Amino acid sequence: MSWPGDTTWLSVRSVSLLVHVVARSLGHADATSTGLWGVMADLVVHDQGMLLILTGTVALVGVDTTVMAPARRWLPVESWQLFHLYAYLGLVLVLPHQLWTGQELLTSTFATVFWWTQWAAAAASVLIWRVGQPLWRSRRHRLVVAELRPESDRVTTVVIRGRMLDRLPVRAGQFFQWRFLERPGLGRAHPYSLSAAPDGRTLRITVAHPGGGSALLASMRPGTRVLFEGPYGRLHEGVRTRRKVLLMASGIGITPIRALLEDLDQRPGEVTLVYRVGSEQERILMDELNALAELHQARFFVVTGHRVSSRRNWLPAHVAYVDDIEALRLIVPDVADHDVFVSGSPGWVEAVERAAIGAGVPPGQVHIERLAS
């Protein structure tokens, strides 16, 4: 699961709300002697729905602030997911003010019923799909942690067992929001991709844990109950348009790519896997990757070395003299005839996407998953 887009400033939504509140207050201030702050206080106390809209505006602006680049540098993605829920609260609180006082919405009974119905439908959708369905699926499948296996001192594989998993509509390459009900830090939603193709009996994730909630996973006990939401993501075979496939991953991004390599319908030579790591010590799942590549007769390349910091590219620093597009064509000469599946850190993924399109791959054949810690 990845961060939202590279947003640097507040969204149009937040700016519009703030401009509306200030402009309306200034308009009233011109007609009174109480000043701007006095007018704002009077509106909040006496205007219908103003206290709600003020609270909702604070919630929405707070959510948008966490998407700004400075906030993303220190805020873990799990914490952002928690803050993100306040956007629903903000929308619930803001809209009634419009429905109560907006003249365009009160001109007829039809208009009033129509817009209140839209608001109720949106609220019901949130309750059904973000609350009801996850709780129902979690109760139905009764997931528990079955096994924990260290892949390195910073990566742990978690095998999760449950009931009727063959009826869960999930595909290799997708991710879930996981909540492990053992301790407070694990109760937050953690977005982890499957690292093995679903087999109808178990689900498997492989998680890097540099710190925070992810680090607690390594010390979980088998039998820990698991709640989940999903599946999400379009990094699966269902979006495939070509027989030939290029799989590219960096770092922990190898997890959904490894699941895809296992699950893809393929004939010998149709799949190429490129796995980039900063150092040999950072390689994970290598025995499985080698075994799967041999089984399916897929071409497998490991690119080792940290990227050059002076420009955005997908190659390591020791071959920075090679053009990104040229390197891609050297590995896969007919790359334009491939679907390209990419998973890794945002900067690396963008570099691969740019190189693939530059090498002639149509944008619709590039399928990406940006991961962030």
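Structure: see above.
Report follows, based on the coordinates. Model, not experiment: these values are computed from the prediction.

### Some thoughts on the packing of helix H11 (residues 324-331) against helix H12 (residues 346-358)
When two helices pack together, their arrangement is given by the angle between the helix axes and by the axis-to-axis distance.
So, point 1. Where H11 meets H12, the axes come as close as 8 Å, and the angle between the chain directions of the two elements is 70°. Of the possible angle classes, the one that applies to H11 and H12 is roughly perpendicular. Contacts between H11 and H12 involve Asp 324, Ile 325, Leu 328 and Arg 329 from the first element and Ala 351, Ala 355, Ala 356 and Gly 358 from the second.
So, point 2. Here the contact of H11 with H12 is composed, by residue class, of five nonpolar, one polar and two charged.

### Comments concerning the pattern of salt bridges
So, point 1. Inspection of the entire model under this criterion finds 14 salt bridges.
So, point 2. Put simply, Arg 149 and Glu 151 hold a salt bridge, and the shortest N to O gap is 3.5 Å.
So, point 3. Among the salt bridges present, the one from Arg 240 reaches Glu 237, with a minimum N-O distance of 2.6 Å. Per residue, the accessibility class of Arg 240 equals that of Glu 237, and both read buried.
So, point 4. Linked through salt bridges whose partners overlap, the residues forming this network are Arg 204, Arg 258, Glu 262 and Glu 288.

### A look at the packing of aromatic side chains
So, point 1. Under the definition given, this model contains six aromatic pairs.
So, point 2. Relative to Trp 178, the ring of Phe 176 lies with its centre 5.0 Å away and its plane at 55°, an arrangement referred to as tilted.
So, point 3. Taken together, Phe 176, Trp 178, Phe 180 and Phe 228 form an aromatic cluster joined through their ring pairs.

What counts and how
- Residues numbered from 1 in each chain as written.
- Predicted model: local features only at pLDDT ≥ 70, side-chain atom pairs only at ≥ 80, totals over all residues.
- Heavy atoms only, no water.
- Axes fitted to C-alpha atoms, helices over the stretch in contact; angles between N-to-C directions.
- Helix = DSSP H or I, 4+ residues; strand = E, 2+ residues; numbered from the N terminus.
- Parallel < 35°, antiparallel > 145°, perpendicular 65-115°, else oblique.
- Contact = heavy atoms within 4.5 Å.
- Nonpolar A, V, L, I, M, F, W, Y, C, P; charged D, E, K, R; others polar.
- Salt bridge = Lys/Arg side-chain N within 4 Å of Asp/Glu carboxyl O.
- Buried < 20%, exposed > 50% of the residue type's maximum accessible area, 1.4 Å probe, protein only.
- Phe/Tyr/Trp six-rings, centres within 6.5 Å; stacked < 30°, edge-to-face > 60°.

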